Amino acid sequence: MSDSMLEDPRMVRAVSSIVSRSERQADPEVLRETYVETGVLPQVANFGHQVLYGRRGTGKTHVLQVLGAEMEESENVFHIYLDIRLLGSAHMFTDPTQPLAPRCIALFKDLLALLQGRLLDIATDPNRDGSGMEEVSELARYITEKTAEVASRDVKTTRQKENVSQAGLRVGVSGTGPTADLTLGSTARGTNTDEVSYTEALRETIVYSEVYQVLDAALEAMGVEHLVLLIDEWTSIPTDLQPFIAEFLKRSVLPSHRITVKIGSLEYRSRFSLPQPDGGNVVGFELGPDITANLDLDDYYVYERNPDRVEEIFAAVLFKHVTSGLDQAFLDEYGIREATAFRSRVFTERATFVELVRAGEGVVRDFLGIFGSAFFRANRSGRKKIDLRSVEDAARDWYETDKSASLSDAQHAALRLLIDDVIGSRQTKMFMLSREQSGHPMILSLFDLRLLHLIERGYSDKENPGLRYNIYALDYGTYVELKRTKVEPDGVLFEDVDVAEARLGERMVPLADKRSIRRVILQTTIFDDL
């Protein structure tokens, strides 16, 4: 046995083999073994329609994959995991130069084809009796025939819209140029007395009620009690299409008591509904009545909210991800039976691990990435354990290569403004922003890129009664980047944190102080000249 786990070839292989993206892990059992319960799974393990929010890297995919495996433990319950990015017609529905209707219908057809393919797998399973094969074939026929292009005809008449109950596309030419109307199961009536000439081609037509009837009939015939549809990467759907895809699901899938829809998405890039000008029913989901959206994975990983709990979660995450590639004999050699013993073997002290947790900023993928970099830095340097310097250097590298490298010129300039103002001038890494300004495009883009982190929503400042703020923190890497430079900030502490305890281990990036944050109220007008 080596004196140091960092030098053991088996440990080196295990760390280098960590799969930080759940969709790249093909074995569902490994996903279940490496999953750490934060309190989310019990809230989604039901047959209610739900949206699960969370930034990239927080573990939405992992939760959905484990949920699917858990649900299938019940008899006659099946799941379909759908990554929107992998749909076959992605080139079509992401092309903004194409008309809206064909783009929507391309995605509808891909969804239906995937459903039909999965149902066919279930129906032909050797362990089942083959019931429902005819109905599944009928669904396949519907997809190929009902959505096929029909003959066009030339029409010269007054433009008139009548009640419709199907999705369709009307294209043509009038005196003012090309015309195109999209109807997605909506109802409209009106008359325009202008005479127009156009070519009518109701093609790629999908009728919501028919989808529901054919799909539900197939599930009933197969004896499927519940089908859990797990839709991941929702925001890969262009924003202008999202309400119509939601409308398709609401009209053709949600009515079935046998189907449950769970969606993984980014809150600030989701557009589930489109209000109608007349104030009537919206196109898409009504959050609450149709589908609930009250879960956000980010809320479970914010270190500043519950340091001890978040530290415990990430210790378990690291332990499970590394040891899933090690056998029990290896762990017994080093006397490791749980996460705390593993942490003691790998890190110089608890404060070093805490710094790693803070460097990850609540994003599991970033946490694992920084750990891997710190591990190999310490290994190359011949250190017996990972020390604070290794964490700091790894965090800086991760910030420069994985985060800031992908910024546009405008985002770079905006981030520099924030760093110079908040960290350089104000000597903290956190700031307040009124809730009304939190929707600024630049703030949302930096948040989406994991360079800004939402620490608290709706904070009430007694010095500004009646106003509500969101508290944000600049990424750990932005602070580390300034370390050992002439503008290195001194840093401050939470008002309820003992100074001596906080300095234990020479903390690299100081915690922030809400007393100082009150003086750091950002105005998004600083971005006006970018």
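Residues numbered from 1 in each chain as written. Predicted model: local features only at pLDDT ≥ 70, side-chain atom pairs only at ≥ 80, totals over all residues. Heavy atoms only, no water.

**Student:** Break down the nonpolar core for me, citing the residues and quoting the values.
**Tutor:** Counting residues in each nonpolar core, the largest one holds 63 residues, and the members touching the most others are M11, V322, F371 and I386. Sorting elements by how many residues they give to this core places helix α10 (residues 307-323) first, with nine residues. If sequence neighbours within four positions are ignored, F371 has contacts with V15, I18, L318, V322, V346, F347, L356 and I386. Listed in part, the 51 residues of the second largest apolar core include A123, W234, L249 and V261. (Core = buried A, V, L, I, M, F, W, Y, C linked by side-chain atoms within 4.5 Å. Buried < 20%, exposed > 50% of the residue type's maximum accessible area, 1.4 Å probe, protein only. Helix = DSSP H or I, 4+ residues; strand = E, 2+ residues; numbered from the N terminus. Contact = heavy atoms within 4.5 Å.)

**Student:** Explain the sheet that holds strand β13 (residues 452-460) residue by residue, including any values.
**Tutor:** Working definition: the strands of a sheet are paired by backbone hydrogen bonds and lie parallel or antiparallel to each other. Strand order in the open sheet made by the three strands is β12-β14-β13, with antiparallel pairing throughout. Here the strands that pair on one side only, and so sit at the sheet edges, are β12 (430-434) and β13. For this sheet, the mean inter-axis angle between neighbouring strands, taken without regard to orientation, is 30°. Summarising the sheet, β12 and strand β14 (residues 468-474) pair through five bridges and their orientation is antiparallel. Each residue of the ladder has a partner; that of M432, found in β14, is I471. On the sheet, helix α16 (residues 409-425) packs against β12, β13 and β14 and is oriented at approximately 100° with respect to β14. (Pairing = 2+ DSSP bridges. Axes fitted to C-alpha atoms, helices over the stretch in contact; angles between N-to-C directions.)

**Student:** Please provide a residue-by-residue account of helix α13 (residues 350-360), values included.
**Tutor:** Across the eleven residues of α13, ten count as buried, placing the element largely inside the fold. For α13, the complete set of buried residues consists of A351, T352, F353, V354, E355, L356, V357, R358, A359 and G360. Packing partners of the buried residues in α13 comprise α10, α12 (339-346), α14 (364-380), α15 (388-403) and α18 (476-482). E361 sits one or two positions beyond α13 and adopts a positive phi of about 50°.

**Student:** A description of a nonpolar patch on the surface should follow, citing residues and the corresponding values.
**Tutor:** A grouping of L417, I526 and L530 is seen on the molecular surface, where their side chains present a nonpolar patch of about 220 Å² in accessible area. For I526, a relative accessible area of 31% puts it in the partly exposed group. (Patch = residues over 30% accessible without salt bridge, like charges linked within 9 Å, V, L, I, M, F, W, Y side chains within 5 Å. Areas by Shrake-Rupley, 256 points an atom, 1.4 Å probe, with all protein chains shown as cover. Salt bridge = Lys/Arg side-chain N within 4 Å of Asp/Glu carboxyl O.)

**Student:** Kindly report on the packing of aromatic side chains, identifying the contributing residues and their values.
**Tutor:** A full pass over the atoms with the stated rule returns 14 aromatic pairs. The interplanar angle of 50° and the centroid separation of 6.1 Å between the aromatic rings of F371 and F375 together place this pair among those described as tilted. Remark: F375 and F371 occur in helix α14; sequence separation between them is four residues, near one turn of the helix. Ring plane angle 20° and centroid distance 5.7 Å describe the contact between F431 and Y472, whose orientation is recorded as stacked. Residue F431 is located in strand β12, and its partner Y472 is located in strand β14; the two are separated by 41 residues in the primary sequence. No difference in accessibility class separates F431 from Y472, as the two residues are buried. (Phe/Tyr/Trp six-rings, centres within 6.5 Å; stacked < 30°, edge-to-face > 60°.)

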